[in-house]
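Reading the structure
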Amino acid sequence: RPATAPSPFVLSLSNELQEDKKSIYADTRLFHGPALQGLEQVLGLSAEGISALARNTATPASWMQTPLRHNWLSAPMLLDSSFQLMILWCFARQQCVSLPSYIRHYRQYVDTVPAQELTQINCLIRNSSASMVQADIDFITPDSSQLLARIEGYECTMTDNLGGAFACNTLA
């Protein structure tokens, strides 16, 4: 059985950044094609963090021809969506894009993360410098505020030259 979940983080967010899916993926802040566009709506942002609603991929069969399982144990789309959300925070607060470089710990508090349902992702910024951000990330059911999973010790690296790479987001 999964461990008993602690209470989710509570963030104090402003309306500084509220976007729907269309505007989230409309520019070059993110490089993700349609198959990896899990963010549905950014709810708010502040120096303390960022929050959004995201949707997990339906099943492993929606990504693979012959999956080993019929259902996800974890939530790969939600995990990637949390990384995308941190890119948006870095761009809004530091005017720089980022890529994940380290995760100290991932703990899931449910047997399986629900597929195709909206999940709230809250990123709590722990430390920020000119080249790196550290955060903890919660995955929460929006209706009951149940903590589904938590990433502790997320780190991403920011550098100016990533912006050009993000802008070239198509395969030859």
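Notes on the structure in this doc start here.

Definitions and cut-offs
Here the residue numbers are simple positions, counted from 1 along each chain's written sequence. Residue-level local features of this predicted model are given only where pLDDT is at least 70; pairs of side-chain atoms are given and counted only at 80 or more, and the full residue set underlies all totals for whole chains, interfaces and linings. Values reported for side chains reflect all heavy atoms of the structure, with hydrogen atoms and water molecules removed beforehand. Salt bridges are defined by distance alone: a side-chain nitrogen of Lys or Arg within 4 Å of a carboxyl oxygen of Asp or Glu. The way it works is that DSSP assigns letters per residue, a run of H or I at least four long becomes a helix, a run of E at least two long becomes a strand, and they are numbered from the N terminus. Summary of the burial criterion: residues with accessible area below 20% of their type's maximum are buried, those above 50% are exposed, and those between are partly exposed, where the area comes from a 1.4 Å probe applied to protein chains only. Two aromatic rings from Phe, Tyr or Trp, using only the six-membered ring of Trp, form a pair when their centres are within 6.5 Å; if the ring planes differ by under 30 degrees the pair is stacked, by over 60 it is edge-to-face, and anything between is tilted. The criterion for a charge sitting over a ring is simple: Lys NZ or Arg CZ within 6 Å of the ring centre, and within 35 degrees of the ring normal. In this analysis, the protein atoms alone were mapped onto a 1 Å grid. Cavities are point sets where a 1.4 Å probe fits without being able to get out; pockets are open sets with protein on both sides within 12 Å along at least five of seven lines; lining residues have an atom within 4 Å of a point. Grid points are joined across faces, edges and corners, and a volume is the space filled by probe spheres set on the points. In this classification, the charged set is Asp, Glu, Lys and Arg, the nonpolar set is Ala, Val, Leu, Ile, Met, Phe, Trp, Tyr, Cys and Pro, and all remaining amino acids, among them Gly, are polar.

**Topic: the pattern of salt bridges**
- This model, assessed by the stated rule, comprises six salt bridges.
- Salt-bridge contacts for Glu40 lead to Lys21; the nearest nitrogen and oxygen are separated by 3.4 Å. In this pair, Glu40 is assigned in strand S2 (residues 39–46) and Lys21 in helix H1 (residues 21–24), connecting sequence segments 19 residues apart.
- For Glu40, a relative accessible area of 24% translates into the label partly exposed.
- Taking the relative accessible area as the measure of exposure, Lys21 reaches 28% and is therefore partly exposed.
- The salt bridge involving Asp136 is made with Arg126; its shortest N-O contact spans 2.8 Å. Taken together, the positions of Asp136 in strand S6 (residues 132–140) and Arg126 in strand S5 (residues 118–128) put the pair 10 residues apart, joining distant regions of the chain.
- Among the ionic contacts, a cluster of salt bridges with common partners joins Glu19, Asp27 and Arg29.

**So, the packing of aromatic side chains**
- What the rule picks out here adds up to one aromatic pair.
- A ring pair is formed by Phe83 and Tyr154, whose centres lie 5.6 Å apart and whose planes are at 20°; its orientation type is stacked. Taken together, the residues Phe83 in helix H2 (residues 76–94) and Tyr154 in strand S7 (residues 147–158) connect sequence positions 71 residues apart. The same class applies to Phe83 and to Tyr154, which are both buried.
- The residue whose ring lies beneath Arg150 is Phe9, and the NZ or CZ to ring-centre distance is 4.0 Å.

**A word on empty space enclosed by the protein**
- In the structure shown here, the tally under the stated rule is one cavity of 30 Å³ or more.
- Ala75, Leu78, Leu79, Tyr106, Val113, Phe139, Leu148 and Ala149 are the residues that line the largest cavity.
- Counting only elements with at least two residues in the lining of the largest cavity, the list comes to H2 and S7.
- Counted by class, the lining of the largest cavity contains eight nonpolar, no polar and no charged residues.

**Focus: unusual backbone geometry**
- Phi is positive for Gln95, close to 55°, though the residue is something other than glycine.
- Relative to the helices and strands, Gln95 resides in the loop between H2 and strand S4 (98–108).
- The class for Gln95 is exposed, based on a relative accessible area of 57%.
- Located in the positive-phi region is Ser145, a residue other than glycine, with phi close to 55°.
- Relative to the helices and strands, Ser145 resides in the loop between S6 and S7.
- Residue Ser145 is classed as partly exposed on the basis of its relative accessible area, which comes to 45%.

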